[in-house]
There are 2 protein chains.
Amino acid sequence: MNADSQSMAAPKREIEGLEKIFDQLSTEDRDDVFRILYGKQLERVQYDGILETDAAAKGIELKGYRIPAAPEQMRAPRLVKVAAIQNAIVLPTTAPIKDQRDAIHKRVGELLDIAGRAGANVVGLQEAWHMPFAFCTRERLPWTEMAEAVDGPTTKFLIPYAQKYNMVIVNPILERDEAKDDVIWNTAVIISNTGRIIGRSRKNHIPRVGDFNESTYYMESTLGHPVFETAFGRIGVNICYGRHHPQNWMMYALNGAEIIFNPSATIGGLSEPLWGIEARNAAIANHVFTVGINRVGTEVFPNEFSSGNGKPAHKDFGHFFGSSYVAAPDGARTPALSRTSDGVLVTEVDLNLNRQVKDHWGFRMTQRLDMYAKSITAAADPDYRPHIIREN
Amino acid sequence: MNADSQSMAAPKREIEGLEKIFDQLSTEDRDDVFRILYGKQLERVQYDGILETDAAAKGIELKGYRIPAAPEQMRAPRLVKVAAIQNAIVLPTTAPIKDQRDAIHKRVGELLDIAGRAGANVVGLQEAWHMPFAFCTRERLPWTEMAEAVDGPTTKFLIPYAQKYNMVIVNPILERDEAKDDVIWNTAVIISNTGRIIGRSRKNHIPRVGDFNESTYYMESTLGHPVFETAFGRIGVNICYGRHHPQNWMMYALNGAEIIFNPSATIGGLSEPLWGIEARNAAIANHVFTVGINRVGTEVFPNEFSSGNGKPAHKDFGHFFGSSYVAAPDGARTPALSRTSDGVLVTEVDLNLNRQVKDHWGFRMTQRLDMYAKSITAAADPDYRPHIIREN
């Protein structure tokens, strides 16, 4: 959903990830890098050999981490295994679109099996995961044919996985609101661990820039910032471009979210240095866990398109750099999944950490929400006069 | 102003900084690390040999970088050299307090001379720079004797530097409002390049946690989010703990700030992994430059104090880790000043970059401020009912 790879020279190579580079450092230096950059070195979870082997055989990177909280006297730990799944599309974008969708379903089924077997309780998929991210083309057809009802084939495909593994699934789709005049939305459907649809959340901030002018396809959500109570915590979904807007994260948190997913589709260039910053800042500022999920690979489209940046027309718009990760309210984060391959990241968190950090830092107490209610209301007025002081 | 070093084990050593560690990597790996972590490798500015030698002789780290913008057809570049100064206190905290202050004045004079000779146009000093950060002691006296009027001795000390070097100075002091019943505030005085006081800004978010319960000394600002028009751009000052509050940064930006300073005093542990995230997220989200400035060194106080964390009483509260840096609206940032020594960071920016990124990304256009005015107003109501959806 954002920014142009074309504005910067393409990197000479697609590296697998920063952490591989840090592996070259001495243990002492590596500890310092992780302490300052990532808060701390998280405990790595080891899975049984069969699961590891099965994942590797299917070309799936499986990583597990643990983010513990302190024991409390009045509350038991609330351990939740939060999973992020990132994947490339499977067939060329010239294949019949039903075949494209079914092939992605099959692949994500494999990824969900790995996540389920790793014990995941809540799984997040990437933005519009059942299709190529075709919005760069600005062609309506055939891509809008991939839009589906909230209870359409993609949700139906996921329900058995939710039931089999007793896991909540955050299912971001291109939605066609069949009940309301076929309008298209960018939506996340929340499927409970019992396989029922709890509800939907829609994308609040629609990029209107270059290859990501998604306003060709859908408008801003009118649903506000709903949070979904699940068996494994309260969940909010900040879809893609909303991560650039701190108020979006905040409203999900103020509505009680304990884990905020950020299903995304974003490419290198301007966007990549922001990727590790925004979801993490939101986790810190709002005392929540956040989960950034980004697709991987380069998607080539049948017809060339231009990007509104003076460059020649082209058929792809760059490499989706994956790098999905989980950020914690205490400033810690997991290492990222690969920049180049399909993967499952399972992070065992103790949701008690949210309130522990809230009690420790107290940002809610010092937030002055009443002041900002007034000042943002004033600033939203078209006649607002900025408060500027000049030298006499 | 925040968090406890005591909650985590002290690091075995105070390393100089991350970039020193990255220097061990191959050029290719280093380029990838900087591209993904820091947006890009910025051009380093070289100073004349005499200036370099003079800085080194005084134990001052001098670093210069350049953050350019694209040429435009309708506007000339707006090149501004933005400087950050970080420093340790000079005398023991047992010395007479006037001697302590005068010794810091003298040292900061040396740092200002280096900044001025390096061509700085706008210089930011650290929070309450004229004194040790004594608020951890919760002793009112003698520390409140160090509070000064906006036009008191510390401002008077700086004016000749502003005039000599034609530079704006952001001067964060412990303010005593002598005109209003001697109330104490945490304030930044903005001194113009002509040596006149343009105005003052006060700290909006007062930490109330552990060693940083500064509410013993001062209350939240009632001045809102003023922005100061200077000869070198419009300046906002988000003092210390306000960096944890995205709305604080946003309101300065909505009032027209082009550069937002964040004069701070913060120590290791929980705070350090946040340091590189928050000011940078603010630069990205608001299309502005931000300048994080933090003091260095360990300050030992005459009487022991406790930290509200179950640990034994002690006389210092940890190492201020410096690491001052500048973040740009396009996700780039400078490397940091040292974690351990006094320093001057001079960054030549082109303020045109703000609007260029604004035009490119368009976050203002997709910000939906009117929606958040309503939702934040609702959420600020004590009777607000979070929007939670449950499984039927």
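Quantities reported herein were computed from a predicted structural model and do not represent experimental measurements.

Turning our eyes to something else, we now look at the sheet that holds strand E9 (residues 233-237) of chain B. Overall, mixed pairing links the six strands, which are arranged E16(A)-E8(B)-E9(B)-E10(B)-E11(B)-E14(B) in an open sheet. With partners counted over all chains shown, the strands left at the sheet margins are strand E16 (388-390) of chain A together with strand E14 (325-327) of chain B, one partner each. Between one strand axis and the next, the sheet turns by 25° as a mean value, whatever way the strands run. Bridge count between strand E8 (residues 227-230) of chain B and E9(B): three bridges; the pairing is antiparallel. The residue of E9(B) that forms the bridge with B:Phe228 is B:Ile235. The strands that helix H6 (residues 246-254) of chain B touches are E8, E9, strand E10 (259-264) and strand E11 (289-294) of chain B; relative to E10(B), the one it contacts most, it runs at about 145°. Docked against the sheet, helix H7 (residues 272-286) of chain B engages E10, E11 and E14 of chain B, running at close to 35° with respect to E14(B).

Residue and element names in this part refer to chain A. Counting buried positions over the six residues of strand E10 (residues 259-264) gives six, a clear majority of the element. In E10, alternate side chains face the same way, and those of Ile 259, Phe 261 and Pro 263 on one face and Ile 260, Asn 262 and Ser 264 on the other are all buried. Each parallel crossover has a hand, and the one from strand E9 (residues 233-237) via helix H6 (residues 246-254) to E10 is right-handed. Note that E10 and strand E11 (residues 289-294) share six bridges and pair parallel. Bridge pairing in E11 links Ser 264 to Asn 294. Read as a crossover between parallel neighbours, the route from E10 over helix H7 (residues 272-286) to E11 is right-handed.

Under the present numbering, the feature "domain: CN hydrolase" (unreviewed entry) in UniProt falls on residues 80-351 of chain A. Summarising residues 80-351 of chain A: 21% helix, 31% strand, and an end-to-end C-alpha distance of 7 Å.

A few words on helix H9 (residues 369-380) of chain A. Look at H9(A): 16 Å from first C-alpha to last across 12 residues, which is about the 16 Å you get at 1.5 Å a residue. Regarding H9(A), the residues found buried are A:Leu369, A:Met371, A:Tyr372, A:Ala373, A:Ser375, A:Ile376 and A:Ala379. In the core, the buried residues of H9(A) are packed alongside H6 of chain A together with H6 and helix H9 (369-380) of chain B.

Looking now at the interface of chain A and chain B. At the junction of the two partners, chain A supplies 89 residues and chain B supplies 89 residues. Summing both partners gives a buried area of about 8600 Å² for chain A against chain B, and 63% of it is carried by carbon and sulfur. Three residues stand out in chain A for area buried against chain B, namely A:Trp361, A:Tyr372 and A:Glu391, and they jointly supply 8% of the buried area on that side. Viewed at the interface, chain B and chain A are joined by four salt bridges. Ionic pairing is found between B:Arg390 and A:Glu229, a salt bridge with its closest N-O pair at 3.4 Å. Here chain A is connected to chain B by 39 residue pairs in polar contact (both at pLDDT 80 or more). Those elements that provide at least two residues to the side of chain A that touches chain B are helix H1 (18-22), helix H2 (27-38), strand E8 (227-230), H6, H7, helix H8 (352-361), H9 and E16 of chain A. Here the residues of the side of chain A that touches chain B are counted per class, giving 43 nonpolar, 25 polar and 21 charged. Strand direction decides the pairing type here: E16(A) and E8(B), joined by three bridges, are parallel.

Let's shift gears to the sheet that holds E8(A). The six strands lie next to each other as E14(A)-E11(A)-E10(A)-E9(A)-E8(A)-E16(B), forming an open sheet whose pairing is mixed. At either margin of the open sheet sits one strand with a lone partner, and together these are strand E14 (325-327) of chain A together with strand E16 (388-390) of chain B. Put simply, the sheet's adjacent strands are angled 25° from each other on average, direction ignored. Most of the contacts of H7(A) go to E14(A), to which it runs at about 35°, and overall it touches E10, E11 and E14 of chain A.

Residue and element names in this part refer to chain B. With respect to the helices and strands, the residue Asn 186 is situated in strand E6 (residues 183-191). With 16 residues separating them in the primary sequence, Asn 186 and Val 170 have C-alpha atoms 13 Å apart. Not counting residues up to four positions away in its chain, the partners in contact with Asn 186 are Glu 127, Ile 173, Ser 201, Arg 202, Lys 203, Glu 214, Tyr 218 and Ile 239. Looking at Asn 186, its side chain comes within polar contact range of the side chain of Tyr 218, at 3.1 Å.

Each value, and the rule that gives it
Residues numbered from 1 in each chain as written. Chains lettered and ligands numbered in written order. Predicted model: local features only at pLDDT ≥ 70, side-chain atom pairs only at ≥ 80, totals over all residues. Heavy atoms only, no water. Pairing = 2+ DSSP bridges. Helix = DSSP H or I, 4+ residues; strand = E, 2+ residues; numbered from the N terminus. Axes fitted to C-alpha atoms, helices over the stretch in contact; angles between N-to-C directions. Contact = heavy atoms within 4.5 Å. Buried < 20%, exposed > 50% of the residue type's maximum accessible area, 1.4 Å probe, protein only. Right-handed = clockwise from strand over helix to strand, strands pointing away. UniProt positions renumbered as here; feature names shortened; annotations may be inferred. Expected span 1.5 Å × (residues − 1). Buried area = accessible area lost by both parts, 1.4 Å probe. Salt bridge = Lys/Arg side-chain N within 4 Å of Asp/Glu carboxyl O. Polar contact = N/O pair within 3.5 Å; in protein donor to acceptor, adjacent residues only side chain to side chain. Nonpolar A, V, L, I, M, F, W, Y, C, P; charged D, E, K, R; others polar.

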